[in-house]
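# Structure assessment
Residue strings, one per chain:
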Amino acid sequence: MNATMVIDELREWDIGPVIENEPLSRHTSFRIGGPATVYVQPHSETDLIRVLNWVEAQKIPYFILGQGTNVLVSDRGLDAVVISTSRALREIRLEGTRMTAGSGVLLTKLAHKAHQANLKGLEFAISIPGTLGGALVMNAGAHGSEMRHVVDSMLIWEPGTGLRMLDASEAGLIVKASLWNGIGLP
Ligand SMILES: Cc1cc2nc3c(=O)[nH]c(=O)nc-3n(C[C@H](O)[C@H](O)[C@H](O)COP(=O)(O)OP(=O)(O)OC[C@H]3O[C@@H](n4cnc5c(N)ncnc54)[C@H](O)[C@@H]3O)c2cc1C
């Protein structure tokens, strides 16, 4: 990967921090991992989509990082653009009994919000670390429940397609990439 070209281009866009050789040990819960050739933390959903579309079109390797609680990064690091969801996708919206949240939202925070709003269903998630996106990718669960029981639909970004809405029954597809994730609580 031509790091200089990537960094020059992304910095031009003014989308948030674009860091060369960022130690991933700073972004994983085990505090291990060598450097990402490029680490980017887009400020907004639009910026994040722009980065994804660009790296995809340029065939540049990339990796989406949530809170780093389920990744073990080699000491050699990752020769890729590591894209953090932690700034861009932090919104939680409540409409009636339905919550819509960005995949960068911490799952524990979402579970607390649901509790405060008297919504049932996410109690199992109250102590699972990581982001909503990470939990959806692995269908996190505990105490007899799991993400697929509470997810209604997801707005995802898919390589080659871009944004599209997924029904929960298609959830296997979210391993490719996810952006916004709708949670419907009974
Ligand atoms: C102490 C501890 C207790 C835990 N307890 C439980 C438990 O009780 N039940 C359970 O099911 N799990 C449990 N887990 C696992 C937990 O579910 C995962 O660590 C968490 O869901 C990962 O989220 P993350 O944001 O940290 O993802 P990361 O570690 O950052 O990433 C994990 C994977 O998800 C991908 N990813 C992350 N966000 C996105 C996104 N927005 N779009 C596309 N891909 C994405 C990454 O590319 C990577 O492949 C536990 C983990 C820990 C450390």
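Rules of the game
- Residues numbered from 1 in each chain as written.
- Predicted model: local features only at pLDDT ≥ 70, side-chain atom pairs only at ≥ 80, totals over all residues.
- Heavy atoms only, no water.
- Domains from an automatic or database assignment.
- Buried area = accessible area lost by both parts, 1.4 Å probe.
- Salt bridge = Lys/Arg side-chain N within 4 Å of Asp/Glu carboxyl O.
- Polar contact = N/O pair within 3.5 Å; in protein donor to acceptor, adjacent residues only side chain to side chain.
- Helix = DSSP H or I, 4+ residues; strand = E, 2+ residues; numbered from the N terminus.
- Nonpolar A, V, L, I, M, F, W, Y, C, P; charged D, E, K, R; others polar.
- Core = buried A, V, L, I, M, F, W, Y, C linked by side-chain atoms within 4.5 Å.
- Buried < 20%, exposed > 50% of the residue type's maximum accessible area, 1.4 Å probe, protein only.
- pLDDT = per-residue confidence, 0-100.
- Contact = heavy atoms within 4.5 Å.

### Here we look at the domain arrangement of the protein
Its domain assignment divides the protein into domain 1 (3-84) and domain 2 (92-184). Taking the mean C-alpha position of each, domain 1 and domain 2 sit 23 Å from one another. Overall, the association of domain 1 and domain 2 removes approximately 950 Å² of surface from exposure, summing both partners, and the carbon and sulfur fraction of that is 67%. If you sort the residues of domain 1 by the area they bury against domain 2, Glu45, Ile49 and Gln67 come out on top, with a joint share of 39%. Taken together, the connections running from domain 1 to domain 2 amount to 0 salt bridges. For the pair domain 1 and domain 2, the number of links is 2 residue pairs in polar contact (both at pLDDT 80 or more). Mapped onto the side of domain 1 that touches domain 2, the elements with two or more residues apiece are helix H2 (45-57) and strand E3 (62-65). Taken together, the residues of the side of domain 1 that touches domain 2 break down into 5 nonpolar, 5 polar and 2 charged.

### Remarks on the nonpolar core
Nonpolar side chains in soluble globular proteins tend to be buried together. Counting 22 residues, the largest nonpolar core has Leu107, Leu110, Leu122, Phe124, Leu132 and Met147 as its most contacted members. Elements with a minimum of two residues in this core: strand E6 (98-102), helix H3 (107-116), helix H4 (132-138) and strand E9 (151-158). With 4 residues, H3 is the largest single contributor of residues to this core. One finds Val18, Val55, Val81 and Trp157 within the second-largest nonpolar core, a separate group that totals 20 residues.

### Some thoughts on the confidence of the model for the protein
With 91% of its residues at a pLDDT of 70 or more, the protein has an overall mean of 88. Segment residues 173-186 is flagged for pLDDT under 50; beyond a separation of four residues in sequence, or across chains, it makes 68 contacts in the model.

### A look at the pattern of salt bridges
A side chain of one charge can pair with a side chain of the opposite charge if their charged atoms are brought near each other. In this structure the tally under the stated criterion is 6 salt bridges. Glu95 serves as the salt-bridge partner of Arg93, at 3.6 Å between the closest nitrogen and oxygen. Here Arg93 falls in the partly exposed class, since its relative accessible area comes to 35%. A salt bridge links Asp152 to Arg98; the nearest nitrogen and oxygen atoms lie 2.4 Å apart. Of this pair, Asp152 sits in strand E9 while Arg98 is found in strand E6, placing the two residues 54 residues apart along the sequence. Judged by its relative accessible area of 30%, Arg98 falls in the partly exposed class. Each member of the salt-bridge network shares a partner with another, and the members are Glu91, Arg93 and Glu95.

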